[in-house]
Structures are given as C-alpha cells and as structure tokens.
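A look at the structure
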Amino acid sequence: MTRGFLLLLLAVPLMAQTLDVCRAHRHHGRLQEASACFEKLAASPDAYLRAEGFWALGRHRQANDAFREAVAREPKSAVYRVRWGRLFHERMQRQDAAKLFQEALEISPGNPGALLGLALVASDGYERKAVELAERAAGLDAKFAEPRELLARLALEDGNPRKAAEEADMALSIDPESLDAMAIRAAIDWLEDKPGTPWIGRVLKVNPVYGEAYALAGHFLVLNRRYEEGIQFYRKALKLNPALLRARAELGVNLMRLGQDEEARWHLEYCYNNGDQYAGVVNPLRLLDSHKHFVVLKSGQAVLKLHKRDADLLKPYFEAELARAIRTYERKYQMRLDRPVELQVYPDHEDFAVRTLGMPGLGALGVTFGFVVAMDSPNGRKPGTFHWASTLWHELSHVFVLTATKHRVPRWFTEGMAVHEETAVSPDWGDRLSPEVIAAIREKKLLPIAQLDRGFLRPSYPAQIVVSYFQAGRICDFINEKWGYAKLLDMMRSFGERKTTPEVVEQHLGVKPEEFDQRFLSWLDGSTGKTVRGFDEWKTGLKAVAMLVKGGRHDDAIREGLAIRDIYPDFVENGSVYELLAEAYLAKGDKPAAIAELSRYAKTGGRSPETIKQLASLLEEAGKKREAAEALDRLNYIYPRDEDLHRRLGDLWLSVGDTQGAIREYQALVAMRPIDRATSHFSLARAYRVANRVDEAREQVLLSLEAAPGYRPAQKLLLELSQ
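Before going into details, it helps to say that this report is about the structure given with it. In this convention, every chain numbers its residues from 1, walking through the sequence in written order. Reporting of local features is limited, given that this is a predicted model, to residues whose pLDDT is at least 70; pairs of side-chain atoms are given and counted only at 80 or more, and all residues count toward the totals for whole chains, interfaces and linings. Side-chain figures throughout are based on the complete set of non-hydrogen atoms in the structure, without hydrogens or water.

Any carboxyl oxygen of Asp or Glu within 4 Å of a side-chain nitrogen of Lys or Arg constitutes a salt bridge here. Taken as a whole and judged by the stated rule, the model has 67 salt bridges. One salt bridge in this structure joins glutamate 269 and arginine 265, with 3.8 Å as the shortest N-O distance. Placement of the pair is glutamate 269 and arginine 265 together in helix H16 (residues 261-273), with a separation of four residues, close to one helical turn. The classification of residues rests on relative accessible area computed with a 1.4 Å probe and restricted to protein chains. Under 20% of the type maximum is buried, over 50% is exposed, and intermediate values are partly exposed. Here glutamate 269 falls in the partly exposed class, since its relative accessible area comes to 35%. Across the pair aspartate 555 and lysine 588 runs a salt bridge, and its minimum N-O distance is 2.7 Å. In this pair, aspartate 555 is assigned in helix H28 (residues 554-565) and lysine 588 in the loop between helix H29 (577-587) and helix H30 (591-604), connecting sequence segments 33 residues apart. For lysine 588, a relative accessible area of 46% translates into the label partly exposed. Via salt bridges that share partners, Asp193, Arg226, Glu229, Arg408 and Arg498 belong to a single interconnected network. In this description a helix means any DSSP run of H or I spanning at least four residues, a strand means any run of E spanning at least two, and both kinds are numbered starting from the N terminus.

Its location among the elements puts leucine 721 in helix H37 (residues 712-722). Taking relative accessible area as the criterion, leucine 721 reaches 10% and is therefore assigned buried. The contacts of leucine 721, once residues within four sequence positions are left out, are Arg689, Val694, Ala697, Arg698 and Val701. Contact definition: two residues touch when any of their heavy atoms are within 4.5 Å.

We define the nonpolar core as a collection of buried residues of types Ala, Val, Leu, Ile, Met, Phe, Trp, Tyr and Cys that are connected through side-chain atoms lying within 4.5 Å of one another. Core analysis: the largest hydrophobic core is formed by 133 residues, its most contacted members being Tyr333, Leu392, Trp412, Phe413 and Phe516. No other element matches helix H27 (residues 513-550), which puts eleven residues into this core. In this structure tyrosine 333 touches Ser397, Phe400, Val401, Met417, Glu421, Tyr485, Leu489 and Met492, once residues within four positions along its chain are discounted. One finds Ala164, Ala171, Ile200 and Ala264 within the second-largest nonpolar core, a separate group that totals 60 residues.

Right, let's talk about the state of the cysteines for a bit. Disulfides are defined in this document as cysteine sulfur pairs within 2.5 Å. Evaluated as defined, the whole model comprises one disulfide. Paired by a disulfide, cysteine 22 and cysteine 37 hold their sulfur atoms 1.9 Å apart. Handedness here is read from the sign of the S-S torsion; for cysteine 22 and cysteine 37, about -80°, the answer is left-handed. Of this pair, cysteine 22 sits in helix H1 (residues 3-27) while cysteine 37 is found in helix H2 (residues 31-42), placing the two residues 15 residues apart along the sequence. Given the relative accessible area of 11%, cysteine 37 is considered buried.

As for its position among the elements, arginine 248 is in helix H15 (residues 245-257). Counted as positive: Lys and Arg. Counted as negative: Asp and Glu, with His and the chain ends omitted from the count. Among buried charged residues, arginine 248 stands out as having no salt bridge; its nearest opposite-charge side chain is glutamate 263, 7.6 Å away.

DSSP bridges decide pairing: two strands pair if at least two such bridges lie between them. Read from one edge to the other, the open sheet built from five strands follows the order E1-E2-E3-E5-E4, with strand pairing classed as mixed. Strands at the two margins of the open sheet, each flanked by one partner only, are strand E1 (294-299) and strand E4 (366-369). When the angles between neighbouring strand axes are averaged without regard to direction, this sheet yields 15°. Taken together, the four bridges between E4 and strand E5 (residues 372-376) define a ladder with antiparallel strand orientation. Among the inter-strand pairings, threonine 368 is bridged to a residue of E5, identified as valine 373. Axis geometry follows a simple rule: fit a line to the C-alpha atoms, using only the stretch in contact for helices, then measure angles between N-to-C directions, giving values from 0 to 180 degrees.

This is a description of form; function is not addressed.
Dropping the structure here:
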C-alpha cells in the first residue's frame, strides 16, 4: 500500500469532518465561524470541498465550476451530482437540477438524496408526485430527516395541519434539532391564529439567527392569501438575518403584489446587486420598470392602471364595469370596502405572469392580492378567447370574500363564489361545461367537498384545476338554488371564524358533508347527465354534420345537427353545431332560422367576433337594429380593439336613439387612431350634436376637417353648428 493511498484514505474522513464542522457552525447560527470555516474549504485542493465552500459563501459561479470539476474527476459519484443538483435547485434552475438528480439515480438506483432532490423540484410546481418521491426517499433511509421535513411542508401546503404535525414530529424523532420541522410546527400555530407558539423559542434556542423559520411561515401565509401577514413574517426573518436573500426577494415580490412598488424595488435590487440574479428577482424588476408606461386613473373606490397604449380605448369600459361590480357586491355581500381597489391591466401576458410568480392553482387570466387585482388586457389576447368583464367580476368577488373573512377561507369557497358570480351577472358569461369536465364527471373524479381544496393546489391529473373551478362554482350554484344566497353569506362568515368545511356544511346546510356530496352529484346529473352520457354520440355526430355541410348536403346537415344540438348545448367553441346549422340554413336562404341558431350561440356564451358580427348583420338586415346592437355590444366585453365593431355599433346605437351608447362607441373608434380619421371624428361630432353637446360637436368637426379639409359632410355640419 503506497504512502499516497494511505494519505487519501485518511483524507476522506478528514474532509467529511471538516465539512460537518462548517455545517454545524451554520446550523447553530455561528455565522462568523461558519463563514471562516467555509472560506478554508473554498481554498481546498479538493474540488468537491471547494464547491461546498463557494456555495455556502454565495459564490455560485465558482461553486458550479468546482462541482463540474469534482464530477469530472469522480464520474461515478452520486453524492457529487446530488449536491450539484441542490445548488441548481436553490438557484431556480430546476431542469438542470432534475437532470443531475436523474443521473445520480442511474449511478445509484434508489439513492435517497436524489429522490429527495426530484421531490423538491416537483414541489416547486405543486406537483402531486412530490409527495410520492419524498415518501420513497424517507422509506429508503430511516435516519434521513429531510424527506420528513419536506413531507410536513407538503402536507401543510395541502391544508392538512394534522398530517404536517405528524411528519414534523417524525423528523424531530430522527433529528431533535431539525429546524425546519420545528418551523413547520410554529407555522401551524400561526396559521391557526394561536397567540403564541413554543416552537419558535425551540428554533431560536438551537439557532438564534434562524430567520428561515419566519420565512417559512411567510410562505404558508402567502399561500393562504394572507399577504399582509406574510410580509410581516418575511420582515421578521430579515430582522434576524439580513443576509437571507431568498426571504428578501419574497418580501419584494409580495410588496409588489400589494402595490408597494417603491419598497419592493429596493429589496429586489438589493438581492440583484448581491448576486441573486435568478428569474424570481430579475423578472419582477423588469415588471416594475414597465410601470412607467402605465397611467393611473382614480375614480371613487377604484384605482385603475392601464398601459398608455390601451388607456384611451379601455378606460370608459373598465371604469364603468369596475364601478358597477363594486356597487353590486356591496349590496350582495352586505359590506363596504375600507380602502380603494386597485386594478392593474397588463397588455403583455408575460408581465401578468410575473405578478402570479410562484402561486399555485391560479387561473391564467386574473389574480387577486388583497385589494390589488391584476389581469390580462383583452388587447393582449387572441380575439374571442377572453371575456375580460367576466374575469373582472370574478376577481372583484375575491376582494370582497377575502376581506369579509380576513383571508381565512377555503380556496374552493372563494373560487366557487367567484365562478358563481360570473354567470349571476349574465348567463352567457363565465366558462361553459368543457370536455375535460365531462370526462371527470364520467370517470367519477369530482372530489368530496371536504377535500375540494386539493384539486386547486396539487392536482393529480392535468385538468383537475379546471375541473375544480367548475365543481366549486356549481356547488355554490346548488347551494344558492336549494338553500338561498343568504346561506352562502352565512357560510362565508363562518369560514371567517376559522370553521372547517365539514363544520360549516353541517351548521348551515343541516347535512353531513357525505350527504351533501350525494345530493350535489344528483343535482349536477340533472343538468349535465344528458351531455355526459351522450358525449360520444355528440362528438361523432358533430364530425358528421361538419362533413355534410362541407359536402353541400344542407338538409341532411340540418336534420343531423338538430338531433345532436341539445345533447351538448354548452359547446360554443370553433365549429359548434350552432355555427354549422346557421351555415346550412343560410345556404338554403332561410335567414330567420340562421338568426335563431346564431342567437342561441351568443346567449350560450359563444365569443367568436366573426360569428357574432354575422348575427348582427343578419339582424340588421331583418330590421332588428336594437337586437343587432345588443349582439355587437357583447364584443366590447370580449375584444374591444376592433375599429369595425365600434363604427358599426355607434351607427346602430345612433339609429335606435341611444345617443350615449353611440358617443361611447365613436369615442372608442377615435381612441384607436384609425386611418380614416376624418369620418371617425365626423361620426362622433354627429352623435354630440344629437345629444345637444354643441361645443364638443364643433371640436370634433374641426378635427375631422383637419384630417381632410375637403370633407364635404364635415363642412356642412360645421356650417349648421355655426348657424
């Protein structure tokens, strides 16, 4: 045995001992000693120790290079890959992290550290497999506390504090100084509004600067939409340890969510300038930079933020709808808000996505953070795919329900109320019964009411979030129909008193949750059963009708179309039976029948601008100008960036005597800066003149003539106005 080999054998335990010493200093809050210890590791000739040293010191690029060197020297080391993957995971490079964890498993099948790494990656996306992976890791090594810590966190994210406490206690039985397990126990107490918790004292006894415990509590409070409380816990974390850049970044993001942009920027820039330059810091900073392109409009109990390129067009529509929603909800929820609501409307969907960064189970259209609502602009979406007014009412419902309950309400209830309110405004708003929901009903995948929150947070199949929104909304519809709206308000108040779903159902509806589930499913079958059972027949029939129309066999298409239309009446996507029947009727010259089908399409919730314009044209030809205007007016709630829409609708409103409607549409047309400016300003002048607003009419006529000095109709109108 050579002398060099003997030295290597002696060095391996010495290396581990040195690294353990550094970690022990850090674990017990001896930060200066830990820093000095890791500095020594960073100067080690061993690449792996250098990697650990650089990582602990926040020198991430050097740590990455050292890990690469260590893996190159020891390509069969699963440990090195696991640790390197954890570095990538910490830096939010999840794909790179997962790749390294998979490589570690190929080298060492069933490696607990690699399985835990994959569980951590899955947990970031609130994937259900995170629980399975963490359980596998825990089962492979009974002395490995970290998988139990993760399982405790996942259970608490799932709204199961009992299970979270059990997992945390198991972690503590393995490692009595498990800081995150104690932090989970403290978070459970804080979430339950207990005035004090002994667990934070136990944490600080082990590590007096372990601000991560408060940051973990902040995470859970934010997850439960208790944003202001979450911010206070992130502040406590930084007070203990100002160097916690991840907690500082979360503080910045949540301040931004509540509209406190100046302080949010300070914290995020601090993180960026100190080396935290991952997407969770960079993207919010870019979003804050974009705010200089927004205009702020204050009106009554609302603050409206619109992008400058959207503001002139959208302002009248959004202001009116925002005010109407607030008035309606004040009456329905029997309360007044104690501060203004701020609505932020983003024309760039990626900017909106940054507002929802790291939030699970959120729709892709709008999100509510207390009194701040962010949503997509209709001008940033494909025409016909987005009903902005429905989204606005949905999010405003959240503002009221969260305020009424002090943010202590199950996710299923607040989402269910919001979905219910969409169609309460107008039956053609809200989402229709979708094929994904039909499949879930048919496969008996609807969750019991007591477990419905799980469907929003950690879905077990791809469409479960969509299905959960539908189910929650229909549950509120069912309660409203069978027990009355007052019961929904009673339930809301009880949730605010921290009562559970089973307690609230039994107290206010007089049935056990299990009986409620049976009654609800029976009621739901009454409205969806025909569609669910006939879905395959309908799908086959729809293809047949489309082929018949395409082949010019219009009588056959009409017969087959009428036979399947009412099997699935909610289907109003492209190529619906309504549109196919209308096409067949028009080919036969039967315009009244075509109008009837297209009217059904619109009233059911169809949103294609081309199809609704076709309906309006047919109604106008039939002399039904007011109905034509009402049909076109639907498009203002779907896709208002349409010159033809506003021109035609303005003309129709003016022709039926709705002068204010005509003025609004011509103003929208002018705001779009159309190519034919002369005609647009002239049209607005005509409407002002009918409304006897002579000065404004004269101003618009002059603008028309400025665009086209020889425009005879404007010259004539100016002369009439002068006389």
